[in-house]
Amino acid sequence: MAGSTLPRRALGRLLRELRNSAGKSQLAAGLAIEVSKQTIGRVEDGRPARISTAQFRDLLDFYEADEAARTELLGLLKEVKASKGDPTSGWWRAYADVVNPHFDHFMSLEQACRRMTSFHLTLLPGLLQTPAYRRWLVETVDPAMSAVDVERRLELAARRQRRLREDPDFSLEVLLSESALRHQVGGPNVMGEQSRHLAEIGNLPNVSLRVIPFDAGGHLGLVVQSFTLFDFPPLQASRMNEPPVVFVEGFTGALFLEDDNVIERHRTTVANLRQVALSENDTRVLVQEIAEEYAA
């Protein structure tokens, strides 16, 4: 579970529950261990923060946590520290200077999850993009980016995509609007190569690619817009189930959603999209036909 955010998220969730049960504010908790309330908030949100083991013990005392809660929390803290020692943990942070600020958290989730389910209305997901397709996007979004940084962005994309072929426990389901295949990102040559790549990668046993054709009519995806749903394996030590996360990206920012009702609405949307999408085989036929159209 290299680079996993799962123990940290579980740790933060437990701390929030203990604080709320004790009737304490984040400000009071911070004062008790001499950190800011923002630091307490970061820990509860599952984000990295500088708090020592001794300070965590002091927090447990402040919250008057029982022995079971103390054992659980300190066990999670050990998992967090163990994941930091993994030499492959957070490899993507070497590219932090050429990606959006929210991307670090996205990559942490992507590397930790067991399954990704995504719907894309206009553009292809990064895990399926060819270098030429990705290059056009990078240079269009940031025309001032240096050639060196463009290449680093492409290198990052390639490293992300390795997981599709190297991790048999990871699965990807992509529900794709036909419009994403018809927009000529980079021109006909780029899209022809991209379409052939999609037909090939859709044959991987852990990848499901299904297109929602134009003639499918109205569907929930037109209202919900593009999103990615992350599902995670249980924590290694405690076997606790880790809640899923929905990621929604905009032009200037992103949302990471964990509310149960929001997750359920997106699962309902996925079920609706599966009903109107082509089968994997029919999708492959359509993608190959579109590739031939671009080559004509």
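Coordinates for the structure precede this section.
Residues numbered from 1 in each chain as written. Predicted model: local features only at pLDDT ≥ 70, side-chain atom pairs only at ≥ 80, totals over all residues. Heavy atoms only, no water.

Student: What should I look at first to understand the side chain of His120 in this one?
Tutor: As for its placement among the helices and strands, His120 is situated in strand β1 (residues 115-120). A relative accessible area of 11% places His120 in the buried class. Among the polar contacts made by the side chain of His120, one reaches the side chain of Ser118 at a distance of 3.0 Å. (Helix = DSSP H or I, 4+ residues; strand = E, 2+ residues; numbered from the N terminus. Buried < 20%, exposed > 50% of the residue type's maximum accessible area, 1.4 Å probe, protein only. Polar contact = N/O pair within 3.5 Å; in protein donor to acceptor, adjacent residues only side chain to side chain.)

Student: Looking at this structure, how should I read the packing of aromatic side chains?
Tutor: Given two aromatic rings, one states the distance between the centres and the angle between the planes to describe the pair. Following the criterion strictly, the structure yields 6 aromatic pairs and no others. Ring plane angle 70 degrees and centroid distance 5.4 Å describe the contact between Phe106 and Phe230, whose orientation is recorded as edge-to-face. In this pair, Phe106 is assigned in helix α6 (residues 103-112) and Phe230 in strand β4 (residues 227-231), connecting sequence segments 124 residues apart. Assessed through its relative accessible area of 8%, Phe106 is described here as buried. Through pairs of rings, three or more aromatic residues link up here, namely Phe106, Phe230, Phe232, Phe247 and Phe256. (Phe/Tyr/Trp six-rings, centres within 6.5 Å; stacked < 30°, edge-to-face > 60°.)

Student: Can you walk me through the pattern of salt bridges in this structure?
Tutor: If the charged atoms of two oppositely charged side chains come close together, the side chains can form a pair. Per the stated rule, a full pass over the model turns up 15 salt bridges. Here Glu151 and Arg135 are joined by a salt bridge, their closest N and O atoms 2.9 Å apart. Here Glu151 is found in helix α8 (residues 147-166), whereas its partner Arg135 is found in helix α7 (residues 131-141), with 16 residues between them in sequence. Arg135 sits in the partly exposed class, given a relative accessible area of 30%. Measuring nitrogen to oxygen at the nearest pair gives 3.6 Å for the salt bridge that ties Arg152 to Asp149. Of the two residues, Arg152 and Asp149 both sit in helix α8, 3 residues apart, roughly one turn of that helix. Residue classification places Asp149 among the partly exposed residues on the basis of a relative accessible area of 23%. If you follow the salt bridges from partner to partner, you end up with Arg16, Arg19, Glu44 and Asp45 in one network. (Salt bridge = Lys/Arg side-chain N within 4 Å of Asp/Glu carboxyl O.)

Student: I would appreciate a short explanation of empty space enclosed by the protein in the present structure.
Tutor: Once rolled over the atoms, a probe with the size of a water molecule shows which space is left empty. Following the criterion strictly, the structure yields 2 cavities of 30 Å³ or more and no others. For the largest cavity, the calculated volume is near 60 Å³. Along its surface, the largest cavity is lined by Leu198, Ala199, Gly202, Val207, Ser208, Leu209, Glu280, Thr283, Arg284 and Val287. Every element with two or more residues in the lining of the largest cavity is listed here: α10 (188-201), β3 (207-212) and α13 (280-295). With 4 residues, α13 is the largest single contributor of residues to the lining of the largest cavity. Residues of the lining of the largest cavity, tallied by class, amount to 5 nonpolar, 3 polar and 2 charged. Taken as a whole, the second largest cavity spans an internal volume of roughly 40 Å³. Lining the second largest cavity we find Arg9, Asp45, His105, Leu109, Val245, Phe256 and Glu258. Class assignment of the residues belonging to the lining of the second largest cavity gives a composition of 3 nonpolar, 1 polar and 3 charged. (1 Å grid on protein atoms, 1.4 Å probe; cavity = no way out; pocket = protein on both sides within 12 Å on 5 of 7 lines; lining within 4 Å. Points joined across faces, edges and corners; volume = space filled by probe spheres on them. Nonpolar A, V, L, I, M, F, W, Y, C, P; charged D, E, K, R; others polar.)

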